[in-house]
Amino acid sequence: PVPGKGHGLVAAKAIKSGSKIFEEVAMVRVNKNTQTLEMRQNTIVSALMQRVYTLAAEGKFDPRDFDSWPSEVCENLERVLDIQAEIAFSKLDPKTQAKGLSLEDSVTGDGRKTPGGVLRTNGFDDEHGYATLYEVLARVNHSCEPNAERIAGPLDRSLVRIVALADIAEGEE
């Protein structure tokens, strides 16, 4: 626990700039592509996406301009990601599911935790169209002046490395 911030990562010893702090393989990767066979066969996803496509075709928003998206589009896309997360979590072993659901869920707001809420709270999007969830990386707090950076592994897209950008003192987040 980090006072006033929930859970976080704190250095157990001094870390030199440029040092690898840790490496981690993703617990789950959610393919956000709605055109996969599995997603096209999901009637709820198909209906939600059809509505988004219709609104775009009618000129109700510009898909390239996030600020123009109406709330209905955002809600539909969030629901689609929730469904995709539920499907991905259902394929995990029970121990990994439990680890994933032990992370924060700031989406539901009523104390319940869902795979989609956990993913939307803690996940990272990558350049390949996946939302990725890491058990330890989810504990790293955000900073506008970071002392570490996330680097995707070059060979394994589910691998991430955290490297110190500056010297980090023992006890420092």
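Provided above is the structure to which this section pertains.
Quantities reported herein were computed from a predicted structural model and do not represent experimental measurements. Residue positions are counted from 1 within each chain, in the order its sequence is given. The model is predicted, so local features are restricted to residues of pLDDT at least 70 and side-chain atom pairs to those at 80 or more, both for listing and for counting; the totals for chains, interfaces and linings are taken over all residues. Derived side-chain values reflect all non-hydrogen atoms in the structure, with water molecules and hydrogen atoms excluded from consideration.

S.K.: Looking at this model, I keep getting lost on the nonpolar core. Mind explaining?
M.R.: Buried together is how nonpolar side chains tend to be arranged in soluble globular proteins. Ranked by internal contacts, the top residues of the largest apolar core, which has 13 residues, are V28, V30, L119 and L133. If one sorts the elements of this core by residue count, helix α3 (residues 71-90) sits on top with four residues. Should any heavy atoms of two residues lie within 4.5 Å, those residues are counted as being in contact. Dropping the residues within four chain positions of it, L119 is found in contact with V30, L81, A85, A131, T132 and L133. Only buried residues count toward a nonpolar core, which is a set of Ala, Val, Leu, Ile, Met, Phe, Trp, Tyr and Cys residues joined through side-chain atoms within 4.5 Å. Between buried and exposed lies partly exposed: a residue is buried under 20% and exposed over 50% of the maximum accessible area for its type, with that area taken using a 1.4 Å probe on protein chains only. Helix and strand assignments follow DSSP, with helices taken as H or I runs no shorter than four residues and strands as E runs no shorter than two, numbered in order from the N terminus.

S.K.: I tried to follow the sheet that holds strand β2 (residues 28-31) on my own but got confused; where do I start?
M.R.: Two modes of strand pairing occur in sheets, parallel and antiparallel, and in both the strands are linked by backbone hydrogen bonds. Each pair of strands is called paired provided DSSP finds at least two bridges between the two strands. An order of β2-β4-β3 is seen for the three strands of this open sheet, with the pairing classed as antiparallel. Looking at the sheet topology across the chains shown, the edges are occupied by β2 and β3 (124-125). The pairing of β2 with strand β4 (residues 130-133) spans four bridges and is classified as antiparallel. Counterpart to R29 in the pairing with β4 is T132. Think of each axis as a best-fit line through the C-alpha atoms, taken over the contacting stretch in the case of a helix, with angles from 0 to 180 degrees between the N-to-C directions. Helix-sheet contacts for α3 involve β2 and β4, and the interaxial angle to β2 is about 135°.

S.K.: Help me out: how do you make sense of the environment of S68 in this one?
M.R.: If you trace the backbone, S68 turns up in the loop between α2 (43-57) and α3. Distance from S68 to P1, taken between C-alpha atoms, is 38 Å for residues 67 residues apart in sequence. When residues no more than four places from it in sequence are discounted, the contact partners of S68 are K60, F61 and D62. Counting of polar contacts relies on pairs of N or O atoms within 3.5 Å, with two restrictions inside protein: one atom must be capable of donating a hydrogen and the other of accepting it, and residues adjacent in sequence are counted only when both atoms are side-chain atoms. For S68, the side chain forms a polar contact with the main-chain oxygen of D65, separated by 2.7 Å.

S.K.: I tried to follow the sheet that holds strand β1 (residues 20-25) on my own but got confused; where do I start?
M.R.: If you walk across this open sheet you meet the three strands as β1-β6-β5, and the pairing is antiparallel. This sheet does not close on itself; its edge strands, each paired only once, are β1 and β5 (148-152). Taken pair by pair, the neighbouring strands of this sheet meet at an average axis angle of 20°, ignoring direction.

Just geometry here; none of it tells us what the structure is for.
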